[in-house]
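Residues per chain, in single letters:
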Amino acid sequence: MAALPSESARRLTPSATNKEDMTLNAATNNPRRRRVSAALRAPAVATLLAAAFAANPSVTSVASAAPSPAPASFATNCGTKPITMLGYFETGFPDAIDLAKLFTKQHPNVKWDVRQEPFAALTQDAPLWMSGPNAPDLIRIPTWSGLVKDHLLKNMDGYYKTFGWDKFPASDLAQLRVAPSGTPTGVGPLWGMGINYSMTGVFYNKALAAKIGMTSAPKTLAQFDALLAKAKSDGLLPVEQFNSAGNGGLIFPLQYLMADYNIASSGSVGAINKWVFDQPKATFNTPANLKAVEHLDQWIKDGYFNSDANAVPYETMMSRFEHGQGVFIFDGDWESGNFDSHFPGKYGFFLFPPLTAGGKQGAMSAPLTYGISATAKYANCAAYFLNWVATNPAARELNVVQGGSNPGGPPNLPIAPVKPGTVTAQTLAAGNVIAKDDGAMGFIANATGSIDAEGLTPAVQKLFAGQETPTQLLQAVQAAYKQELSAP
Amino acid sequence: MLSSISETTPRATGALRALTNKRARGLHLQGWLFVLPALAAYAAFVLWPIVQVVRYSFYNWDGVAAARWAGLANYGTVFSNNQLLTVIGHAFELILFFSGIPVVLGLATATVMRRFVTGRLSSVARTVLFLPQVIPLVAAGIAWSWMMSTTGAIDEVLNNVGLRSLSRSWLGDFGTALPAVGVIGAWVLLGLCTVLLSAGMSKIDATLYEAAQLDGAGPFREFVSITLPGLRQEISVCVTVTVIAALSAFDIVYISTVGGPGFATMVPGLEIYQLAFLNRQVGLASALAVVLMALVIICILPIQWAARRGDQQ
């Protein structure tokens, strides 16, 4: 099953909507209150709003009394007593469930009560579930800031020391560190862990690439430009890309280009991560980013994308690409397993080429993040599970072979061998390049909770339709970012 | 005697009045007892939540943490934020499609059906027209999204009849997205209006049409002088229901465009949802919900008032 970018690399880092240090008040929250479904009829908007937020804003709950401290001492296993862990996993990601099953196989006293929820429900309802009386032991966390600020997450610094997570690459954990006030990201205590790590780049249709004379991955952006131009002149669609509302796929090439121009101007992708992590004085409106948007704008004007991109959702893009439409797509390695199993030998992957040959490369890289509720019944077992996923050979093999994902963990641990020449082999190799170049970036669409919906996606849609200049795009995104971060 | 009558009558009248009052009070109480279950449910699930939303609108609140008093600041934001005002404007644009097209087309369709379609065919026609009301809006939104894509039925037809220059991604084009969403709404509501208006037409006395025909009135004159005045109540209901649907649109927009491209189809219902559940600005979302509720009332009251006034005349 095709994993959505929104369910994987995207939106994994915190939302930051409120700056004040507040206490919780979830005394009457229903932990199972579901998201507002498409059946919401707006005459009842007021009613449903009230129903969704049934908590009394003036009441303070027990859960809010104090931030969760890092546990000082605890069991580093799941014991021997039979327990049932409550897990909230993301719909469409069977790997997490398979890992849980494998864990039970190795630890028979641990059973799982897994509830699968779509990404949107996890985003919207995690605070309600986690502040309720039956808080999940382990939960897929799309956005961190609000949960950290509201003291709903378990501080994992104690586990970090005990399990030796200092041996993990610091960059893998950076997106899981959030200041106790909710912002910025990248600093402060550890609040979660990834069960695997995704990375983005360019997929290509090997048959069509051969037609335009592509014998190896382009080594520079200029070479890639030439390939796009050749595809266009040969009557092929150079890039099939999704960019429908709520699913702004042009953000992918935009951030690749931003990485190139930022590396060219400052030697690293640090400025981009600074913005993604809501660091003070970070701005989107920089000369390097302007060059990136101008480059993307030129691609749009040259007609390199499908003309209906603004109405094409992710699934349609994948379907079209798998049916031979488009030489390239900009996407992530969560599709590696799909390509290898359903279209062996037909597709390839390369990292977005740098401005100069041999230069550093950047890619969005994000963990599939899980956290532990501050009031979780079996927090220690949940932490043990997260450590087990990253270090147990069988779990690591499952992540690589079945999911096509990098299992993370200490770099000295082996990665299960995959068949040479497969897309998975290419994406895993690309991960090493990004690690060497220190080119891992948080996804810009994750910078705040609604920057994607309220800022980036509308902006790239307007750019695509010629309704906005590159300068206006930068200004609009930065304005939306500032507005959200300064919201009361 | 007179004096005794004059003495007893007020007493008797008083007793009668007391009895009547007692019975009236009993009936009154009985009435309330009958209403109570529904009233309790209405109060619990409609009135109280509305009160709560009004209350939330005076706070800054993320839905979990303690709220902070904001006074009228959230309302200030609603009325000063250009994007929120544009969103409200979109809702009014949708009235043209959700209300105008179904009512006008519904009148035309019902009239044609009354004059030319009878018997079993009439039932079949009504059923077919009413079907969109039965289909879940989510399914309708998905089906229309497919039809309006560049590989969908609409562009296929345009391409095949030599109008390739007109074909486009209807829901992805800034110029056509909102009207395209409006067309979906019009399709959904047309059947409801047609059935309501057909039912209304069947109540109009047939002799009125006969008399008009004897006086030499043509179909148009019949329509203007008999059908339209006879359907005042039904038209009022149609306009009320469809205007509310337009102002509070959510599901069709959510499924077909999610408010895009850009903010071209963003409507208040969807904006409230995004503010509350993505931005976690429950106070601002509640303020917009209250404003939306007020707008619906402001739009509906004149329609109801005009319909009642017409009846009294």
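For the structure, check the block above.
Residues numbered from 1 in each chain as written. Chains lettered and ligands numbered in written order. Predicted model: local features only at pLDDT ≥ 70, side-chain atom pairs only at ≥ 80, totals over all residues. Heavy atoms only, no water.

Enquirer: Can you break down the overall build of chain A residue by residue, with the values?
Expert: Helix and strand counts for chain A stand at 18 helices and 10 strands. As presented, chain A carries roughly 16900 Å² of accessible surface, and 56% of it is formed by carbon and sulfur atoms. (Helix = DSSP H or I, 4+ residues; strand = E, 2+ residues; numbered from the N terminus. Areas by Shrake-Rupley, 256 points an atom, 1.4 Å probe, with all protein chains shown as cover.)

Enquirer: Summarise the packing of aromatic side chains; cite the residues concerned and give the values.
Expert: Counted by the stated rule, this structure contains 47 aromatic pairs over all chains. When the centroid spacing of 6.3 Å and the interplanar angle of 65° are considered together, the rings of Phe330 of chain A and Phe352 of chain A count as edge-to-face. Taken as a pair, Phe330 of chain A in strand β7 (residues 328-332) and Phe352 of chain A in the loop between β8 (347-350) and β9 (363-371) lie far apart in primary sequence, 22 residues in all. A relative accessible area of 0% places Phe330 of chain A in the buried class. Note on Phe352 of chain A: relative accessible area 2%, which makes it buried. With 5.7 Å between their ring centres and 70° between their planes, Trp144 of chain B and Trp187 of chain B make a pair best called edge-to-face. Of this pair, Trp144 of chain B sits in helix α5 (residues 137-147) while Trp187 of chain B sits in helix α7 (residues 177-202), placing them 43 residues apart in sequence. By way of ring pairs, the aromatic residues Tyr204, Phe224, Tyr256, Trp299, Phe305, Phe328, Phe330, Phe350, Phe352 and Phe464 of chain A are connected into one cluster. Positioned above the aromatic ring of Trp170 of chain B is the side chain of Arg168 of chain B, whose terminal nitrogen or guanidinium carbon lies 5.5 Å from the ring centre. (Phe/Tyr/Trp six-rings, centres within 6.5 Å; stacked < 30°, edge-to-face > 60°. Buried < 20%, exposed > 50% of the residue type's maximum accessible area, 1.4 Å probe, protein only. Lys NZ or Arg CZ within 6 Å of the ring centre and 35° of its normal.)

Enquirer: Mind laying out the nonpolar core, listing which residues take part and the relevant values?
Expert: Among the nonpolar cores identified, the biggest contains 82 residues, and Trp275, Phe284, Trp299, Phe328, Phe330 and Ile444 of chain A are the most heavily contacted of them. With 9 residues, helix α9 (residues 251-266) of chain A is the largest single contributor of residues to this core. Once you skip the residues sitting within four places of it in the chain, Trp275 of chain A turns out to touch Ala282, Thr283, Phe284, Ile444, Ala447, Ile451, Val477, Gln478 and Tyr481 of chain A. The next biggest cluster of nonpolar side chains, apart from the first, holds 67 residues, and it includes Val103, Cys238, Val291 and Leu292 of chain B. (Core = buried A, V, L, I, M, F, W, Y, C linked by side-chain atoms within 4.5 Å. Contact = heavy atoms within 4.5 Å.)

Enquirer: Can you lay out helix α18 (residues 470-485) of chain A for me, pointing to particular residues and giving the numbers?
Expert: All names here are of chain A. Taking 1.5 Å of rise per residue, the 16 residues of α18 would be expected to cover 22 Å, and the 23 Å separating its terminal C-alpha atoms lies within 8% of that figure. Residues of α18 that are buried: Pro470, Leu473, Leu474, Val477, Gln478, Ala480, Tyr481, Glu484 and Leu485. End-on, the buried residues of α18 take up no more than an arc of 160°, which puts them together on one face. Turning to α18, the residues buried within the fold contact α10 (270-276), α11 (287-301) and α17 (451-464). (Expected span 1.5 Å × (residues − 1). Arc of directions from axis to C-beta.)

Enquirer: Which residues make up helix α4 (residues 119-134) of chain B, and what are the values?
Expert: Taking 1.5 Å as the rise per residue, α4 of chain B with 16 residues should run 22 Å; its terminal C-alpha atoms sit 23 Å apart, in good agreement. Those residues of α4 of chain B hidden inside the fold are in contact with α3 (82-116) and α7 of chain B.

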